[in-house]
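As a plain string of letters, each chain reads:
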Amino acid sequence: MINLVFKDGKELKKKEGKYIIGLLDGEIYEADNFRELTAVVCGLEYQDCECAETELHMRVKAAKRIGLATMTAEEMTNSSQNDEDGDESGIRESIIIYDERIGKIPYSYTDANVDYAIHGNPELIRVECDKTFIYSLEKNRLIAVFMRMDDGEYKRIPSVLDIDTEIEKELEPFKRITERVPLHKKLGE
């Protein structure tokens, strides 16, 4: 059950879900599982997906939207410093979309020479599954996810779980897959 519980500064209903997710636009939803949390980020039609490939494409699409918005905000903040330096030779990426099976997923394939290389030490928006997607967004502070405790209080996931450990646990089956798209670059290559 996904319910909007907070919008435009007003509480719309009492929180009852296992999880609460806050988005950058200020809306807060309740959800009972990670699939529902992902649906809040990707769009409610995510719940109607019948195959893993469609789910992956929806996570990638949402990750691109969030990543581009984040990079645009960073560029606006840092534009005056870049204008003064005038040096673009050191390419650095602040945030990339990443899948353990594939590697870096470019924001666009429209250029004849798509950049699959990983520049610098970027933050990752992981798209392998619902849990890695939500955990990586929370880790990068692009969403806020709270879990209801036994006493009924909600605590933010990073204060309850070690997010890096949870991501690694979810990545185990994906790391065993050795065949992948040859054009993409994985971390460390």
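Fair warning: this is a prediction, and the values are worked out from it, not measured in the lab. (Residues numbered from 1 in each chain as written. Predicted model: local features only at pLDDT ≥ 70, side-chain atom pairs only at ≥ 80, totals over all residues. Heavy atoms only, no water.)

1. Looking at the overall build of the protein chain
- When helices and strands are counted, the protein chain shows five helices and nine strands.
- Reading the protein chain from its N terminus to its C terminus gives the helix and strand order β-β-β-β-α-α-β-β-β-α-β-β-α-α.
- The buried share of the protein chain, reckoned over its 189 residues, is 42%.
- Restricting the contact set of the protein chain to residue pairs at least 6 apart, pairs at least 24 apart contribute 57%.
- In the form shown here, the protein chain has an accessible surface area of approximately 11300 Å², with 48% of it arising from carbon and sulfur atoms. (Helix = DSSP H or I, 4+ residues; strand = E, 2+ residues; numbered from the N terminus. Buried < 20%, exposed > 50% of the residue type's maximum accessible area, 1.4 Å probe, protein only. Contact = heavy atoms within 4.5 Å. Areas by Shrake-Rupley, 256 points an atom, 1.4 Å probe, with all protein chains shown as cover.)

2. Some details on the sheet that holds strand S4 (residues 28-31)
- With antiparallel pairing, the six strands of this open sheet are ordered in space as S2-S1-S4-S3-S8-S9. Across the chains shown, the open sheet's two edge strands, defined by having one partner strand only, are strand S2 (10-11) and strand S9 (154-156).
- Two strands pair when backbone bridges link them, and strand S3 (residues 19-22) and S4 are joined in this way by four bridges, in the antiparallel orientation. Counted as the bridge partner of Ile21 is Tyr29 from S4.
- Packed onto the sheet, helix H1 (residues 34-42) meets S3, S4 and strand S8 (144-148) and runs at close to 20 degrees relative to S3. (Pairing = 2+ DSSP bridges. Axes fitted to C-alpha atoms, helices over the stretch in contact; angles between N-to-C directions.)

3. Focus: the side chain of Arg126
- Among the secondary structure elements, Arg126 is positioned in strand S7 (residues 123-126).
- Exposure remark for Arg126: the relative accessible area of 8% places this residue in the buried category.
- Side-chain polar atoms of Arg126 contact the side chain of Glu128, separated by 2.6 Å.
- Leaving out residues up to four positions away in the same chain, Arg126 has contacts with Tyr98, Glu100, Thr132, Phe133, Ser136, Ile167 and Leu171. (Polar contact = N/O pair within 3.5 Å; in protein donor to acceptor, adjacent residues only side chain to side chain.)

4. Examining the packing of H1 against helix H3 (residues 130-139)
- Where H1 contacts H3, the two axes come as close as 9 Å, and the packing angle between them is 60 degrees. Here H1 lies oblique to H3, going by the angle between them. Two packed elements cross with a definite hand, and for H1 against H3 that hand is left-handed. Taken together, the residues of H3 that come into contact with H1 (itself represented by Phe34, Arg35, Leu37, Thr38, Val41 and Cys42) are Asp130, Lys131, Phe133, Ile134, Tyr135 and Leu137.
- Partitioned by chemical class, the residues of the contact of H1 with H3 number eight nonpolar, one polar and three charged. (Parallel < 35°, antiparallel > 145°, perpendicular 65-115°, else oblique. Left-handed = near helix turned anticlockwise from the far one by under 90°. Nonpolar A, V, L, I, M, F, W, Y, C, P; charged D, E, K, R; others polar.)

5. A closer look at the confidence of the model for the protein chain
- For the protein chain, the mean per-residue pLDDT works out to 89, and 89% of the residues sit at or above 70.
- Per-residue pLDDT, averaged within each element of the protein chain, yields its smallest value for helix H2 (residues 52-85) (83) and its largest for H3 (98).
- Low pLDDT, under 50, characterises residues 85-89; the predicted model gives this stretch zero contacts beyond four residues in sequence or across chains. (pLDDT = per-residue confidence, 0-100.)

6. Regarding the pairing of strand S1 (residues 3-7)
- Where S1 lies against S4, three bridges are found, and the strand directions are antiparallel. Across the sheet, the residue bridging to Asn3 is Glu30, located in S4.
- Pairing analysis gives two bridges linking S1 to S2, with the strands arranged antiparallel. Residue pairing in the sheet places Lys7 in a bridge with Lys10 of S2.
- Here S1 hands over to S2 after two residues, with Asp8 in that stretch at a positive phi of 50 degrees.

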